[in-house]
Amino acid sequence: MPSEVVDSSEYKYRGRIINLRVDQIHTDSGYHGIREIVEHPGAVAIVPIDDKQQIILVKQYRAAVGKITIEVPAGTLSPGEDPLVCAHRELKEETGYQAAQIDRIGGVHTAPGISSEFITLYLATGLTAGESAAEEDEAIELLRVSLPQAIEMIHDGSINDAKSVSALLLAKDLIRPQV
């Protein structure tokens, strides 16, 4: 596999959440080209399951895709923030719930060909309801479904963002139905 060397980097955009960097590169096989890299601080996504075995999902408008999506609660890491701390914060902000237990169940690179974003995935249990504190640009509606319903929503395309699909499929093997 050829190695890749960055000859130079230039920032084309520096934003509140992302930066766009263009790297001039070459490989040991003689290829010269550019790489457009979206730098992202990382994020978390949480599968909250209540004592009735209901998964709590969020419905919200996503400007990048121009439609309302159904997702697991999630949020971007603040600089230097521990992902577990972020998971607790985002669960409370988006759903109003606090969790007695939040366990890491995996993680995903969302688009490794163009972005540095890595999302740490969690399962939240022992939920206690409270008031949400969504950010001013977020209009979130909660949706409660069983795990089998959530998996069916993946298959029918109702849930189709990568973090939610990954998190729910990983959680599926960890959540035991109540008897």
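Scroll up for the structure.
Please read all numbers here as calculations on a predicted model, not as lab measurements.

K.L.:
Go over the sheet that holds strand β5 (residues 54-62) with me, naming the residues and quoting the values.
P.N.:
Two modes of strand pairing occur in sheets, parallel and antiparallel, and in both the strands are linked by backbone hydrogen bonds. Pairing is antiparallel in the open sheet, where three strands are placed in the order β6-β5-β10. Both outer strands of the open sheet, β6 (67-71) and β10 (141-146), are each paired with one neighbouring strand and no more. Shown here is a sheet whose adjacent strand axes are inclined to one another by a mean of 30 degrees, direction ignored. With six bridges joining them, β5 and β10 adopt antiparallel strand pairing. Pairing of Ile 56 across the sheet is with Arg 144, part of β10.

K.L.:
Please give an account of the packing of aromatic side chains that cites residues and values.
P.N.:
Using the criterion set out here, one finds zero aromatic pairs in the structure. Between the NZ or CZ atom of Arg 14 and the centre of the ring of Tyr 11, over which it lies, the distance is 3.7 Å.

K.L.:
Any details on the pattern of salt bridges? Residues and values, ideally.
P.N.:
This structure, assessed with the given rule, holds 10 salt bridges. With a closest N to O distance of 2.7 Å, Glu 90 and Arg 89 form a salt bridge. Owing to a relative accessible area of 3%, Glu 90 belongs among the buried residues under this scheme. Residue Arg 89 is classed as partly exposed on the basis of its relative accessible area, which comes to 24%. One salt bridge in this structure joins Glu 93 and Arg 89, with 3.7 Å as the shortest N-O distance. Placement of the pair is Glu 93 and Arg 89 together in helix α1 (residues 83-95), with a separation of four residues, close to one helical turn.

K.L.:
Which residues make up the sheet that holds strand β3 (residues 32-39), and what are the values?
P.N.:
Overall, antiparallel pairing links the three strands, which are arranged β1-β2-β3 in an open sheet. Each edge of the open sheet carries a strand with a single partner, namely β1 (4-14) and β3. The average angle at which neighbouring strand axes cross in this sheet is 25 degrees, direction not considered. Of the pairings in the sheet, the one linking strand β2 (residues 19-27) to β3 comprises eight bridges and is antiparallel in character. Paired with Gln 24 across the bridge in β3 is Ile 34.

Rules behind the numbers
- Residues numbered from 1 in each chain as written.
- Predicted model: local features only at pLDDT ≥ 70, side-chain atom pairs only at ≥ 80, totals over all residues.
- Heavy atoms only, no water.
- Pairing = 2+ DSSP bridges.
- Helix = DSSP H or I, 4+ residues; strand = E, 2+ residues; numbered from the N terminus.
- Axes fitted to C-alpha atoms, helices over the stretch in contact; angles between N-to-C directions.
- Phe/Tyr/Trp six-rings, centres within 6.5 Å; stacked < 30°, edge-to-face > 60°.
- Lys NZ or Arg CZ within 6 Å of the ring centre and 35° of its normal.
- Salt bridge = Lys/Arg side-chain N within 4 Å of Asp/Glu carboxyl O.
- Buried < 20%, exposed > 50% of the residue type's maximum accessible area, 1.4 Å probe, protein only.

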